[in-house]
Amino acid sequence: MILTIINKRMSKFSEMIAQINKSIVFSPVDIEISYKKQNPFLSSLKVKCFCSSRLSQNAKVSHSGSVQSPVILHTTRISRVARTDAQRVLFDYLHCTRNFDFNDAEHISKNSPHFIENLLTKIDNDKDVVRSLNKFLRYNPINEFEPFFESLGLRPSEVPLVLPPHLMYLGDNDMLLENFHVLCNYGIPRSKIGRMYKEAREIFGYNYGVLKLKLLAYENLGLSKTTVVKLVSCCPSLLIGGVDREFVNVLGRLNRAGLKNDLIGGYLSAKESYDWKRLIDTIDFLDKVGYSEEQFHDLLKTNPVLVFEGSGKKVYLLFGQLVKLGLKVNGIYSLFTQYPQILSAKRVKNLLRGIHILLGIGMGVEDIANIISTQMELLCSTALKGPVTLRRQFKDKKDNLCQILIQNPLELFRLDSKSEAESSKILSSRGPTNKLEKTAFLLRLGYVENSDEMTRALKMFRGRGDQLQERFDCLVQAGLDYNVVSSFIKQAPTVLNQTKDVIEKKIACLTNLGCSIDSLVAFPSYLCYDMERINLRFRMYIWLREKGAAKPKLSLSTILACSDVRFIKYFVDVHPEGPAMWESLRNTPASS
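What counts, and at which threshold
- Residues numbered from 1 in each chain as written.
- Predicted model: local features only at pLDDT ≥ 70, side-chain atom pairs only at ≥ 80, totals over all residues.
- Heavy atoms only, no water.
- UniProt positions renumbered as here; feature names shortened; annotations may be inferred.
- Helix = DSSP H or I, 4+ residues; strand = E, 2+ residues; numbered from the N terminus.
- Buried < 20%, exposed > 50% of the residue type's maximum accessible area, 1.4 Å probe, protein only.
- Axes fitted to C-alpha atoms, helices over the stretch in contact; angles between N-to-C directions.
- Parallel < 35°, antiparallel > 145°, perpendicular 65-115°, else oblique.
- Contact = heavy atoms within 4.5 Å.
- Patch = residues over 30% accessible without salt bridge, like charges linked within 9 Å, V, L, I, M, F, W, Y side chains within 5 Å.
- Areas by Shrake-Rupley, 256 points an atom, 1.4 Å probe, with all protein chains shown as cover.
- Salt bridge = Lys/Arg side-chain N within 4 Å of Asp/Glu carboxyl O.
- Lys, Arg positive; Asp, Glu negative; His and termini not counted.
- Charge placed at Lys NZ, Arg CZ, Asp CG, Glu CD.
- Phe/Tyr/Trp six-rings, centres within 6.5 Å; stacked < 30°, edge-to-face > 60°.
- Lys NZ or Arg CZ within 6 Å of the ring centre and 35° of its normal.
- Expected span 1.5 Å × (residues − 1).
- Arc of directions from axis to C-beta.
- Polar contact = N/O pair within 3.5 Å; in protein donor to acceptor, adjacent residues only side chain to side chain.
- pLDDT = per-residue confidence, 0-100.
- Core = buried A, V, L, I, M, F, W, Y, C linked by side-chain atoms within 4.5 Å.

As recorded in an unreviewed UniProt entry, the protein chain goes by mitochondrial transcription termination factor family protein and comes from Salix koriyanagi. What the UniProt record of the protein chain gives under Sequence similarities (unreviewed entry) is the line "Belongs to the mTERF family."

Right, dumping it as structure tokens:
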């Protein structure tokens, strides 16, 4: 009797499976609930089917409910609490069960979110995650290389490409772990090591002590440890074989130009890969076209992107085009010195496109060279459409078009910029209020193009580009070093928000007080205070000094930066006649 009932229910079960396989869309939750209601006797069995573009012929049935599927379309939202619990379980598993180092286990558990999510799909997240996951890991060992490589900065899609075949436990590859720890202990961020493994896997197979010696070999070239860390993070191939000869040649050329070895660390970007042989070729090329060591030094100091972005690839293209147009080497050098920012990738692209457009409308080479010489900044900063669009908008013959552009190059930007708003902005800014000139001025101060710092600086500095340059030159002409002025202008940008006359008056006041102009280096904010405050406080200080109640030499910041209450306490009330003198000075205007 019982056997007959069981056979009937198993028959119904088979019919259900057959019906499910004929369906186009499957819902694992609905199937399981429906099956449990109709078949309570076998409710412990779980049937999971997943949506597919094909009909599944083999539904998987298991007692554990652990089903592997290459594509899972039904995802469960994982709570933050469940994720945190899973991280803690993974840490305990790696550290306590697998005897990982504490730091390694902690880093892996906290920096492998994709692996954690996959792990949580193996259990029921509605139940006790810690207990369920501990139970799962007790009977289902994981491939430890998966969370390990993910924690080193590799994307989830890259992890399967670097997994060693036939290995599950990190301890089975002791050389990998040994060299990984050498890099960590040297100071290389763990998040950078994944890229190093992907690009130079050989270094993780070195025998004990070999990798450390290779790192020290680059320190022996005169590089600091910080520079070596950045260098090998960007170019891990330097650690393959002996010391890279091309890299040593690059250092040698930088030294000959008067640049210190460690400066190369400031030129490198973690997002770039570098071809040292091409860099040498670029430097040789600059040497052949007439650049002296001093000129090369100046170019690298103003804009190292010339050599290091793209390993100098764009230098050949840009120089070749300009030389073909008939520009002299000295003329090109002058342009780059005046507009060092033009060598960024975007500006080079705009410039080359502008040259192509002028050639496309039939303009002569000499006339193009003249436009480049006079309109370099606009050509580099404006994205133009093309020669066909230019002729269509102008609605005139080619010869007449060329003649008009030769006489008034600004017509090119009015007619052919990619938007009317952009062209009107450019043309309106071409006059005294030229924002481009203001940007160019800030770039010469050392601000990075399109950076947050540049954006803030554009808002802080008030005035036209030529006015800012005039005020800057005023400080240099007063006897301050160019680089010193550039540095303290960044500290106190409002200095240049004053007119040239006001700056000259404050400098004259400073020298009349017997202070050196170099005192501005320590306290550039002196120039930001109004003349009334400067005159009043210094007259009071000079009176106290004559009375012997003040030190003969005090810094500018001590006198000017303190609050009025503090100044009265330490510079007025220290002498019996001080308050009366202070009132007298306040009521008597200073002589100009």
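Q: Is there a simple way to explain the overall build of the protein chain in this structure?
A: A tally of regular secondary structure across the protein chain gives 35 helices and 2 strands. Evaluated residue by residue, the protein chain yields a buried proportion of 41% over its 592 residues.

Q: Where do I start with the packing of helix H10 (residues 190–199) against helix H12 (residues 225–234) in this structure?
A: Where H10 contacts H12, the two axes come as close as 8 Å, and the packing angle between them is 50°. Our classification of the angle between H10 and H12 gives oblique. Touching Lys192, Arg195, Met196 and Glu199 of H10 are Val232, Ser233 and Cys234, all from H12.

Q: Is there a simple way to explain a positive patch on the surface in this structure?
A: A surface patch of like charges, here positive, comprises Lys127, Arg131, Lys135 and Arg138. Judged by relative accessible area, Lys127 falls into the exposed class, the value being 56%.

Q: What exactly am I supposed to notice about the packing of aromatic side chains here?
A: Aromatic rings considered in pairs are described by the distance between their centres and by the relative angle of their planes. Counted by the stated rule, this structure contains 11 aromatic pairs. Seen in terms of ring centroids, Phe149 and Tyr197 are 4.8 Å apart; in terms of plane orientation they differ by 40°. Their pairing is tilted. Taken as a pair, Phe149 in helix H7 (residues 145–151) and Tyr197 in helix H10 lie far apart in primary sequence, 48 residues in all. Each member of the pair, Phe149 as well as Tyr197, is classed as buried. Feature note: the residues Phe145, Phe148, Phe149, Phe180, Tyr197 and Phe204 constitute an aromatic cluster, connected by ring pairs. A cation over a ring is seen here: Lys225 above Tyr186, with NZ or CZ 4.9 Å from the ring centre.

Q: Can you help me understand helix H28 (residues 465–477) in this one?
A: Note: α-helices contain 3.6 residues per turn, so residues at a spacing of three or four share the same orientation. With 13 residues, H28 should reach 18 Å at 1.5 Å per residue; the first-to-last C-alpha distance of 18 Å fits that figure. Gly465, Leu468, Gln469, Arg471, Phe472, Cys474 and Leu475 are the residues of H28 that are buried. Once H28 ends, the next one or two residues include Gly479, with phi positive near 120°.

Q: Hey, could you run me through the environment of Met540 in this one?
A: Residue position: Met540 is located in helix H32 (residues 531–546). Considered as a pair, Met540 and Val572 are 32 residues apart in the sequence and their alpha carbons are 7.7 Å apart. If we ignore the near neighbours within four places in the chain, the residues touching Met540 are Phe567, Phe571, Val572, Gly578, Met581, Trp582 and Leu585.

Q: Would you mind going over the side chain of Arg537 with me for this structure?
A: Take Arg537: it is sitting in helix H32. In this structure Arg537 touches Ile559, Leu560, Ala561, Cys562, Ser563, Asp564 and Phe567, once residues within four positions along its chain are discounted.

Q: What should I look at first to understand helix H6 (residues 129–139) in this one?
A: For H6, the complete set of buried residues consists of Val129, Leu133, Phe136 and Leu137. Mapping the buried residues of H6 onto a view down its axis gives an arc of 95°, with all of them on the same face. Away from its buried face, by an angle of more than 90 degrees, H6 presents the exposed residues Arg131, Lys135, Arg138 and Tyr139. Among the structural elements, helix H3 (80–97) and helix H5 (113–120) are those in contact with the buried residues of H6. Sitting at the amino-terminal end of H6 is Asp128, which places a side-chain oxygen 3.2 Å from the backbone nitrogen of Val130.

Q: Looking at this structure, I do not really get unusual backbone geometry. What am I missing?
A: Of note in the backbone geometry, Asn99 takes a positive phi value of approximately 60° without being a glycine. Checked against the element boundaries, Asn99 lands in the loop between H3 and helix H4 (102–110). One non-glycine residue with positive phi stands out, namely His166, at about 65°. Note on placement: His166 falls in the loop between helix H8 (159–162) and helix H9 (174–186).

Q: Would you take a moment to explain the environment of Leu183 for this structure?
A: Turning to its location among the elements, Leu183 is positioned in helix H9. On the accessibility criterion, Leu183 (0% relative accessible area) is buried. When the C-alpha atoms of Leu183 and Leu215 are compared, they prove to be 9.0 Å apart, with 32 residues separating the residues in sequence. In this view, Leu183 contacts Ile188, Ile193, Met196, Phe204, Leu211 and Leu215; residues no more than four positions away in its chain are not counted.

Q: Would you mind going over the confidence of the model for the protein chain with me for this structure?
A: As a general rule, the predicted coordinates of low-pLDDT regions are not to be interpreted in detail. When pLDDT is averaged across the protein chain, the result is 74; 74% of the residues are at 70 or more. This stretch, residues 20–74, has a pLDDT under 50; its non-local contacts, to residues over four places away or in other chains, come to 54 contacts. Counting interchain partners and residues more than four positions distant, the pLDDT-below-50 stretch residues 418–433 has 27 contacts.

Q: What am I meant to see in the nonpolar core here?
A: Within soluble globular proteins, side chains that are nonpolar tend to cluster in buried spots. Formed by 101 residues in total, the largest nonpolar core has its most connected members in Phe149, Phe247, Ile264, Trp276, Phe308 and Ile372. Of all the elements, helix H21 (residues 365–381) adds the most residues to this core, at 8 residues. Discounting residues that sit within four places of it in the chain, Phe149 has contacts with Leu154, Val159, Val162, Leu163, Pro164, Leu176 and Tyr197. In terms of nonpolar packing, the next biggest core, distinct from the first, is built from 46 residues, Val495, Ile503, Phe523 and Phe571 among them.

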